[in-house]
There are 2 protein chains.
Amino acid sequence: MDYIQLSRAPLFKGISAEEIGIILSDVPYRIRKFMAGTLISQSGESVNSLMVVISGVVKGEMVDYAGRVIKIEDIPAPGALASAFMFGNRNRFPVNVIAVSEGELLLIDKQDFLRLLMKNGVILVNFLDMISNRSQFLSEKIKFLNFKTIKGKLAQFILQKAGKELSSVSFDITQNDLADFFGVARPSVARALGEMEHEGYLEAKGKNIRIIDKEGLARLTRD
Amino acid sequence: MDYIQLSRAPLFKGISAEEIGIILSDVPYRIRKFMAGTLISQSGESVNSLMVVISGVVKGEMVDYAGRVIKIEDIPAPGALASAFMFGNRNRFPVNVIAVSEGELLLIDKQDFLRLLMKNGVILVNFLDMISNRSQFLSEKIKFLNFKTIKGKLAQFILQKAGKELSSVSFDITQNDLADFFGVARPSVARALGEMEHEGYLEAKGKNIRIIDKEGLARLTRD
DNA sequence: CCTGATTTGTAACATATGTTACATTTTTGT
DNA sequence: ACAAAAATGTAACATATGTTACAAATCAGG
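Below: a short report on this structure. (Residues numbered from 1 in each chain as written. Chains lettered and ligands numbered in written order. Predicted model: local features only at pLDDT ≥ 70, side-chain atom pairs only at ≥ 80, totals over all residues. Heavy atoms only, no water.)

Residues and elements named next belong to chain A. Each pocket or cavity is described by its volume, and for the second largest pocket that value is around 150 Å³. Contributing elements (two or more residues each) for the lining of the second largest pocket: helix H4 (121-146) and helix H5 (150-162). Residue composition of the lining of the second largest pocket, by class: four nonpolar, one polar and three charged. (1 Å grid on protein atoms, 1.4 Å probe; cavity = no way out; pocket = protein on both sides within 12 Å on 5 of 7 lines; lining within 4 Å. Points joined across faces, edges and corners; volume = space filled by probe spheres on them. Helix = DSSP H or I, 4+ residues; strand = E, 2+ residues; numbered from the N terminus. Nonpolar A, V, L, I, M, F, W, Y, C, P; charged D, E, K, R; others polar.)

Put into structure tokens, the structure is as follows:
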């Protein structure tokens, strides 16, 4: 089995391939091989084991009420599957999980995994980090979705990037990705930026922003 | 100390007041009394201990770039503070935490808390449940924020509540709360519902909805 | 350095939602 | 059962954003 690949997984961060071998010799686990196209788990099914993709790629698919596929998220090795849904009140898969390529999964039953967490502090911290990171990412995203105007979102984004000292910022993502993150249309982002420039809040030149009126931007975040 | 109150805390769910006493005799902890108005933690400060409100009420306040207070969230006893921010990459308070009334906090240092988690399986599961529930709640919220139209959000909400079998649904929250959850204005929710009725998707009578065209609703969730 | 691909800026127009205001209905407390 | 409060249904109007399309600018690979 590919312990090297596993040692790159967030769950096993800071643990060498050899150590992983030792750890796994002490906890019941299963390996499940899958072929491209296999349905690995179904939406609504309860999540009763930890699942780590050892090799290959799987994807999550939401299925709507008419049976049509809506959204897709890829999880390549060595990612973990549905780790935020192993615990909590609604511990069921939120999506169908389907193999994109052939590959292998590491499965550890929930009870065995709990024992592992209690035995190995590094894995415990790694797991806590994983689900906490997810929460933190989602919180951040909601913060932006909650601003009602695009200018508000942009102002928040720019001020946050600039921090207290800096007076210029350089976007490291495209307008397209930014628009996706905000949940708005791309030309609307461009327009909002343009307007903010005309209104004297900033000077925009491609991805580089010079902040002119920090106070004013702060006001915009209050929609 | 008020172990009875603590036994109602999600972290100590399923553990009796006496057992809590025993557990706490074995792990270093501190009690911090606070008076109304005290600043308990500051936004940006790193979260290096577990904090449980034993008595009293605290609130979280976001502070904007001009120093003005924006949003508030109350955490009454026996809630935990910033539990989703103890771990993960950005383990800092996202808000200022301020005492609303006088009260007491239970503090356990992160390292000691980790030892406790490894020693006590019930607390471990409770904590995992707490942070997972948060993730799940946030995911759910984002799902709704991602629908571009209010009709889409409503359709999703109704179908989800109805499940596969039921053909009628009863809202258990007010339009106002629904509007907040969706991040839209209240009259817009009412209007969207009205339109969906005219368009023959459903029959709305106060909080009671009879689904007429399930297929059509499903189509709406595809915006 | 050149060329094709990606990203950005901008425009015209359509539309969903916000805002404000009020009447009506339902719920709550006594 | 009543009065007061809360929630709901609607309307008119303002506006932010979406949509589509295209040209200009920038980037990436050979």
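Turning our eyes to something else, we now look at the packing of aromatic side chains. Residues and elements named next belong to chain A. Under the definition given, this model contains 16 aromatic pairs over all chains. Between the aromatic rings of Phe157 and Phe182, the centroid separation amounts to 6.1 Å while the plane-to-plane angle is 85°, which identifies the pairing as edge-to-face. In this pair, Phe157 is assigned in helix H5 and Phe182 in helix H6 (residues 175-182), connecting sequence segments 25 residues apart. Grouping residues by exposure puts Phe157 and Phe182 together as buried. Taken together, Phe144, Phe157, Phe171, Phe181 and Phe182 form an aromatic cluster joined through their ring pairs. (Phe/Tyr/Trp six-rings, centres within 6.5 Å; stacked < 30°, edge-to-face > 60°. Buried < 20%, exposed > 50% of the residue type's maximum accessible area, 1.4 Å probe, protein only.)

As a further point, take the relation of the copies chain B and chain A. When chain B is fitted to chain A, the residual RMSD is 0.1 Å, and the transformation amounts to a turn of 180° plus an axial shift of 0.0 Å. As the rotation angle and translation indicate, the two copies are arranged about a two-fold axis. When C-alpha distances to the rotation axis are compared across chain B, the minimum falls at Met118(B), with a value of 2.0 Å. Both copies share a contact surface, since 100% of the interface residues of chain B are interface residues in chain A too. (Least-squares fit on C-alpha atoms with pLDDT ≥ 70 in both. Contact = heavy atoms within 4.5 Å.)

It is worth spelling out the environment of Glu102(B) at this point. Residues and elements named next belong to chain B. Within the element layout of this structure, Glu102 appears in the loop between strand S7 (96-99) and strand S8 (103-109). Considered as a pair, Glu102 and Ile15 are 87 residues apart in the sequence and their alpha carbons are 26 Å apart. Those residues in contact with Glu102 that sit more than four places away from it in its chain are Phe34, Met35, Ala36, Ser55 and Gly56.

Around DNA strand C, a shell composed of 15 residues is seen, among which Gln175(A), Lys207(A), Thr149(B), Ile150(B) and Ser188(B) lie nearest. Restricting the count to atoms of DNA strand C within 4 Å of the protein gives a sugar and phosphate share of 48%. Separating a phosphate oxygen of DNA strand C from a side-chain N or O atom of Ser188(B) is a distance of 2.6 Å. Within the side chain of Arg191(B), an N or O atom sits 3.0 Å from a base nitrogen of DNA strand C. Elements supplying a minimum of two residues to the surface near DNA strand C: helix H7 (186-198) of chain A together with helix H7 (186-198) of chain B. (Near = heavy atom within 4 Å. Polar contact = N/O pair within 3.5 Å; in protein donor to acceptor, adjacent residues only side chain to side chain.)

Quick look at the pattern of salt bridges now. Inspection of every chain in the model, using the stated rule, returns 18 salt bridges over all chains. Here Asp109(B) and Arg30(B) are joined by a salt bridge, their closest N and O atoms 3.4 Å apart. Remark: Arg30(B) occurs in strand S1 (residues 30-34) and Asp109(B) occurs in strand S8; sequence separation between them is 79 residues. With relative accessibility at 42%, the residue Arg30(B) sits in the partly exposed group. With a closest N to O distance of 3.5 Å, Arg210(B) and Glu203(B) form a salt bridge. The class for Arg210(B) is partly exposed, based on a relative accessible area of 42%. Each member of the salt-bridge network shares a partner with another, and the members are Lys151(A), Glu195(A) and Glu199(A). (Salt bridge = Lys/Arg side-chain N within 4 Å of Asp/Glu carboxyl O.)

The subject of this paragraph is the interface of chain B and chain A. The interface is formed by 42 residues belonging to chain B together with 42 residues belonging to chain A. For the pair chain B and chain A, the summed buried surface comes to about 3900 Å²; carbon and sulfur atoms form 61% of the total. Counting the contacts that link chain B with chain A gives 13 residue pairs in polar contact (both at pLDDT 80 or more). Counting residues per element, the ones that place at least two in the side of chain B that touches chain A are helix H3 (110-119), helix H4 (121-146), helix H5 (150-162) and helix H8 (214-220) of chain B. With 19 residues, the top contributor of residues to the side of chain B that touches chain A is H4(B). Split into classes, the residues belonging to the side of chain B that touches chain A amount to 19 nonpolar, 12 polar and 11 charged. (Buried area = accessible area lost by both parts, 1.4 Å probe.)

We now examine the protein's contact with DNA strand D. The local shell around DNA strand D holds 17 residues, among which Thr149(A), Ile150(A), Ser188(A), Gln175(B) and Lys207(B) are the closest. When atoms of DNA strand D within 4 Å of the protein are sorted by moiety, sugar and phosphate together comprise 49%. Side-chain polar atom of Ser188(A) to a phosphate oxygen of DNA strand D: 2.6 Å apart, as the coordinates give it. If one sorts the elements of the surface near DNA strand D by residue count, H7(B) sits on top with four residues.

Among the nonpolar cores identified, the biggest contains 89 residues, and Phe113(A), Phe127(A), Phe113(B) and Phe127(B) are the most heavily contacted of them. Leaving out residues up to four positions away in the same chain, Phe127(B) has contacts with Leu128(A), Leu11(B), Leu50(B), Ser83(B), Met86(B), Phe87(B), Phe113(B) and Leu117(B). (Core = buried A, V, L, I, M, F, W, Y, C linked by side-chain atoms within 4.5 Å.)

For H4(B), with 26 residues, the first-to-last C-alpha span of 37 Å sits near the 38 Å given by 1.5 Å per residue. The residue sitting at the N-terminus of H4(B) and contributing the capping side-chain oxygen is Asn120(B); that oxygen lies 2.9 Å from the backbone nitrogen of Val122(B). (Expected span 1.5 Å × (residues − 1).)

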